[in-house]
Amino acid sequence: DLLPPGVCNLLNPAAIYANNEISLGDVEIYGFDYDYTLAQYSNLLHSMIFNTARDILIEQFKYPEGLGKYDYIPGFAIRGLHYDVQKSLLMKIDAFHYVQLGTAYRGLKPVPDEEVIELYGGTQHIPLYQMSDFYGKGPSLKQFMDIFSLPEMTLLSSVIDYFITHGIEFDQVHLYKDISDAIRDVHVKGVMYKWIEKDLEQYILHGDEIYAVLNRLVNHKKKLFLITNSPFSFVDKGMKHMVGKNWRDLFDMVIVQADKPNFFTDRRKPFRKLDDKGSLQWDKINQLEKGKIYKEGNLFDFLRLTGWRGSKVLYFGDHLYSDLADLMLRHGWRTGAIVPELETEIRIINTEQYMHSLTWQQALTGLLERMQMYQDAESKQVLLEWMKERQEIR
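Rules of the game
- Residues numbered from 1 in each chain as written.
- Predicted model: local features only at pLDDT ≥ 70, side-chain atom pairs only at ≥ 80, totals over all residues.
- Heavy atoms only, no water.
- Helix = DSSP H or I, 4+ residues; strand = E, 2+ residues; numbered from the N terminus.
- Contact = heavy atoms within 4.5 Å.
- Areas by Shrake-Rupley, 256 points an atom, 1.4 Å probe, with all protein chains shown as cover.
- Lys, Arg positive; Asp, Glu negative; His and termini not counted.
- Charge placed at Lys NZ, Arg CZ, Asp CG, Glu CD.
- Buried < 20%, exposed > 50% of the residue type's maximum accessible area, 1.4 Å probe, protein only.
- Expected span 1.5 Å × (residues − 1).
- Salt bridge = Lys/Arg side-chain N within 4 Å of Asp/Glu carboxyl O.
- Axes fitted to C-alpha atoms, helices over the stretch in contact; angles between N-to-C directions.
- Parallel < 35°, antiparallel > 145°, perpendicular 65-115°, else oblique.
- Left-handed = near helix turned anticlockwise from the far one by under 90°.
- Nonpolar A, V, L, I, M, F, W, Y, C, P; charged D, E, K, R; others polar.
- Polar contact = N/O pair within 3.5 Å; in protein donor to acceptor, adjacent residues only side chain to side chain.
- UniProt positions renumbered as here; feature names shortened; annotations may be inferred.
- Core = buried A, V, L, I, M, F, W, Y, C linked by side-chain atoms within 4.5 Å.
- Phe/Tyr/Trp six-rings, centres within 6.5 Å; stacked < 30°, edge-to-face > 60°.
- Lys NZ or Arg CZ within 6 Å of the ring centre and 35° of its normal.

Observations regarding the overall build of the chain
For step 1, the next point in the chain: When its secondary structure is counted, the chain shows 14 helices and 14 strands.
For step 2, the next point in the chain: Judged by the C-alpha coordinates and their principal axes, the chain covers about 85 × 55 × 40 Å.
For step 3, the next point in the chain: Considering only residue pairs separated by 6 or more positions, the chain has 69% of its internal contacts joining residues 24 or more positions apart.
For step 4, the next point in the chain: Approximately 21,900 Å² of the chain is accessible, and the part contributed by carbon and sulfur atoms is 52%.
For step 5, the next point in the chain: The chain carries 45 positive and 54 negative side-chain charges, and their two centres are separated by 9 Å.

Quick word on the environment of L90
For step 1, the next point in the chain: Structurally, the position occupied by L90 is in strand β4 (residues 89-91).
For step 2, the next point in the chain: On the accessibility criterion, L90 (6% relative accessible area) is buried.
For step 3, the next point in the chain: Placed 214 residues apart in sequence, L90 and R304 show a C-alpha to C-alpha distance of 42 Å.
For step 4, the next point in the chain: Each residue touching L90, except ones within four places of it in the same chain, is listed here: F76, L81, H82, Y83, T103, A104, Y105, F144, M153 and S157.

What to know about helix α8 (residues 232-243)
For step 1, the next point in the chain: Between the first and last C-alpha of α8 there are 15 Å, a value that for 12 residues agrees with the 16 Å anticipated at 1.5 Å per step.
For step 2, the next point in the chain: When we look at burial in α8, the residues that qualify are F232, F234, V235, D236, G238, M239, M242 and V243.
For step 3, the next point in the chain: G244 sits one or two residues past α8 and shows a positive phi near 115°.

Observations concerning the pattern of salt bridges
For step 1, the next point in the chain: For the structure shown, the criterion picks out 18 salt bridges.
For step 2, the next point in the chain: In this structure, R79 engages E341 in a salt bridge whose closest nitrogen and oxygen atoms are separated by 2.8 Å. Of this pair, R79 sits in the loop between α1 (44-59) and β3 (82-84) while E341 is found in helix α12 (residues 341-349), placing the two residues 262 residues apart along the sequence.
For step 3, the next point in the chain: Since its relative accessible area comes to 14%, R79 is described here as buried.
For step 4, the next point in the chain: Each of R54, D55 and D71 takes part in a single network of salt bridges with overlapping partners.

Side note on the packing of helix α3 (residues 149-165) against helix α4 (residues 172-188)
For step 1, the next point in the chain: Interaxial distance between α3 and α4 falls to 10 Å at its minimum, and their mutual angle equals 140°. When the axis of α3 is compared with that of α4, the two are oblique. At the point where α3 passes α4, the crossing takes the right-handed sense. Contacts between α3 and α4 involve P151, E152, L155, L156, V159, I160 and F163 on the former and, on the latter, L175, Y176, I179, S180 and I183.
For step 2, the next point in the chain: Per-class residue counts for the contact of α3 with α4 are 10 nonpolar, 1 polar and 1 charged.

Details of the side chain of T306
For step 1, the next point in the chain: Assignment of secondary structure puts T306 in helix α10 (residues 299-306).
For step 2, the next point in the chain: The buried category is assigned to T306, whose relative accessible area is 18%.
For step 3, the next point in the chain: Within the structure, the side chain of T306 is placed 3.2 Å from the backbone nitrogen of W308, a separation counted as a polar contact.
For step 4, the next point in the chain: Excluding its chain neighbours within four sequence positions, the residues that come into contact with T306 are M253 and L288.

Describing the UniProt feature "active site" (unreviewed entry) in the chain
For step 1, the next point in the chain: Residues annotated in UniProt with the feature "active site" (unreviewed entry) correspond here to D33 and D35.
For step 2, the next point in the chain: Along the chain, the position of D33 falls in the loop between β1 (29-32) and β2 (40-41).
For step 3, the next point in the chain: Among the residues examined, D33 registers a relative accessible area of 6% and is labelled buried.
For step 4, the next point in the chain: Only 2.8 Å separates the side chain of D33 from the side chain of K260, close enough to count as a polar contact.
For step 5, the next point in the chain: Relative to the assigned elements, D35 resides in the loop between β1 and β2.
For step 6, the next point in the chain: Excluding its chain neighbours within four sequence positions, the residues that come into contact with D35 are Y41, F148, T228, S230, F234 and D318.

Notes on the UniProt feature "binding site: GMP" (unreviewed entry) in the chain
For step 1, the next point in the chain: Under the feature "binding site: GMP" (unreviewed entry), the UniProt entry names D35.
For step 2, the next point in the chain: When its relative accessible area of 10% is taken as the criterion, D35 is described as buried.

A few points about the nonpolar core
For step 1, the next point in the chain: If you look at the biggest cluster of nonpolar residues, it comprises 67 residues, and the most contacted ones within it are Y34, Y41, L45, L214, M239 and F251.
For step 2, the next point in the chain: When residues of this core are assigned to their parent elements, the largest contribution, 8 residues, is made by α3.
For step 3, the next point in the chain: Excluding its chain neighbours within four sequence positions, the residues that come into contact with F251 are F32, L38, L214, L224, F225, L226, M239, K290 and G291.
For step 4, the next point in the chain: By size, the runner-up hydrophobic cluster in this structure holds 21 residues, among which are M253, F263, F271 and Y315.

Some details on the packing of aromatic side chains
For step 1, the next point in the chain: Throughout the structure, instances matching the rule amount to 24 aromatic pairs.
For step 2, the next point in the chain: With a centroid separation of 6.0 Å and an interplanar angle of 35°, the aromatic rings of Y63 and F163 are classed as tilted. Here the residue Y63 occupies a position in the loop between α1 and β3, and F163 occupies one in helix α3, the gap between them amounting to 100 residues. Across the pair, exposure class does not vary: Y63 and F163 are buried alike.
For step 3, the next point in the chain: Ring centres 6.2 Å apart and planes at 65° place the aromatic pair F302 and W333 in the edge-to-face group. Separated by 31 residues along the polypeptide, F302 in helix α10 and W333 in the loop between α11 (320-331) and β14 (334-337) bring together distant segments of the chain. Each member of the pair F302 and W333 is classed as buried.
For step 4, the next point in the chain: Connected via pairs of aromatic rings, a cluster forms that spans F225, F263, F264, F271, Y294, F302, W308, Y315 and W333.
For step 5, the next point in the chain: Here the guanidinium or amino end of R267 rests over the ring plane of F300, the centre of that ring lying 3.8 Å away.

Written out as structure tokens, the structure reads:
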């Protein structure tokens, strides 16, 4: 009777999960981000980004050549971690602003819990004003939210590891800025786009499924739009690879180089039209036409020109804040988060070992709740052992 019924129902790793009731019959317009939403990339891309940014640090920023020995470590970092710039700490902070003990790293080595608590003045809690603002640009704590930040976190940790093991003093702020600049250069200078374009087969996954989904929506008279930060020629090659050369016929609106998250929050940039070769036009945009390609722009003009407001729009993206939370809270769009990590998590939840541990943890919790009034020495010892075991299971 210590175990609640149905504690271990199997979940389907490929399912779609709803945090809020939604009737798809009411959705008339489907919007998509491109990178990591329509285009899913293979993990090979992370190593390439890591290596290129590492070489930029050595060649252009004159960092020590010894950094060349470091390679990308798959699985070292996950999305959503925070980095404390002043303390060079990479860690997991939960929704209540508590540092999760056992998750703090300086460089590639874990930092003992006692030291972390001491660094934050005797507590695990980090107050709101120190935390980053909505887009992770806070005063001293940066949150890494998109999939492209996995190589950045690993590079950051590798460089710190090099400096610490060689006893070299470094300025935390400069180091952090140099690494984010090096990573940014990989994207901005288009290096990454060139690799992907050269070998679409190797980098892009699930092309056939994307084709099937988009076609099905169009056949059911739904309107589709695409808003991406990537340049047109890159998106064009990827979509031709996945969907076919007439991919643009499926979309009512295509917006490239949108500069998200600013696209969603800033009214300054007007839309510009591109011709079929991708060259900029100068004319003023008074309507958004099907089959045309637009660049930059902002959400306020987009809503004004299309009239696509509220819950008839469902927009898919992979950045939980800048793609999704804001759109929902400010504009009432429905949003879908593409979270590839969930598949692995759910597979683990479905293993017998996980279920066994979860069941036993529930049982131990029940025992502790019932027996905690026994305070004689012998009982206290048993309670302590149970607590320790419960902690280990967690």
